[in-house]
Amino acid sequence: MSESTRLRIAIQKSGRLSKESLKLLKSCGVKFNINEQRLIAHADNMPIDLLRVRDDDIPGLVMDGVVDLGIIGENVLEEEQIERQTLGTPAECIKLRELDFGACRLSLAVPNEFSYQDARSLEGLRIATSYPNILRRYMQSKGITYNDCMLKGSVEVAPRAGLADGICDLVSTGATLEANGLYETEVIYESMACIIQSTNTQPDDKQALINKILSRINAVVRAKE
Ligand code: PRT
Ligand code: ZN
């Protein structure tokens, strides 16, 4: 296989999905030598290049066909898909399967002293989030108007800092909400890590390699069930 026909897989460089993503590929028999300083790692035993990037960049890289496969949280995929559909830019990709890590939920949460009945309690209030598109879709489906407070990080401190009345953020154990005097009121999206493929038509040998990787992933995930 020439350089251009090597399979490109994007994974998170450093974060909650990195270790598990690498582990999964290794357990599929792909051998990598990771140099922390390098964006790309070439597999030693298969025509595969690994791109290690920010998780937020992965859906776009796949949807634009820059890489062939990506491992990403469904929350980030969903957010990018809605964003691109709104902008009219390419938003298509194929979700090959959910994986068995990265479980979390995107939830609404409010300060402990907030008297919350249902989502309508947030009517006209300000909600801090890093997921404005998923939040907007949910609130629109309920017919609720609210104000955005877009934060890429530290969302959980927004109410205490007087920036917002409530938040919409990822939760896994709930410890972060508790530590910040907040309680979870509604789950608006449930997420796992997943593997996605670009909609590009692949040459036969590359598609055969994708099929091989996917069938190994299926076997690895099934063995753990
Ligand atoms: O640098 P880069 O942009 O690549 O990474 P990032 O900081 O944007 O993402 P990262 O590494 O924090 O998370 C990557 C993905 O892991 C997310 O998109 C989710 O799909 C998944 N994931 C699973 C989580 C969590 N669990 C999680 N608990 N992502 C974030 N959190 C955060 C949450 O935002 C909150 O601050 O953990 C805190 C809550 O955790 P608990 O356990 O206290 O409830
Ligand atoms: Zn990110």
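An unreviewed UniProt entry lists the protein under the name ATP phosphoribosyltransferase, from Shewanella youngdeokensis. As its UniProt record puts it under Subcellular location (unreviewed entry), the protein is described as follows: "Cytoplasm". For the protein, the Function (unreviewed entry) comment in UniProt is given as "Catalyzes the condensation of ATP and 5-phosphoribose 1-diphosphate to form N'-(5'-phosphoribosyl)-ATP (PR-ATP). Has a crucial role in the pathway because the rate of histidine biosynthesis seems to be controlled primarily by regulation of HisG enzymatic activity."

Concerning the domain arrangement of the protein
Where the parts come together, the accessible area they lose is often given as the size of the interface. Assigned domains of the protein: these are domain 1 (3–102 + 193–224) and domain 2 (104–191). Between domain 1 and domain 2, the C-alpha centre-to-centre distance is 30 Å. Taken residue by residue, the interface counts eight residues in domain 1 and nine residues in domain 2. Looking at the side of domain 1 that touches domain 2, the element that brings in the most residues is helix H3 (residues 74–87), giving six residues.

Re the sheet that holds strand E2 (residues 40–42)
Overall, mixed pairing links the six strands, which are arranged E2-E3-E1-E4-E11-E5 in an open sheet. A single partner strand is all that each edge strand has here, and the edge strands are E2 and strand E5 (94–98). On average, each strand axis in the sheet is tilted by 25° relative to the strand beside it, whichever way the strands run. Pairing of strand E4 (residues 69–73) with strand E11 (residues 193–197) involves five bridges; the strand directions are antiparallel. Looking across to E11, one finds that Gly70 is bridged to Ile196.

Rules of the game
Residues numbered from 1 in each chain as written. Chains lettered and ligands numbered in written order. Predicted model: local features only at pLDDT ≥ 70, side-chain atom pairs only at ≥ 80, totals over all residues. UniProt positions renumbered as here; feature names shortened; annotations may be inferred. Domains from an automatic or database assignment. Contact = placed C-beta atoms within 7 Å. Helix = DSSP H or I, 4+ residues; strand = E, 2+ residues; numbered from the N terminus. Pairing = 2+ DSSP bridges. Axes fitted to C-alpha atoms, helices over the stretch in contact; angles between N-to-C directions.

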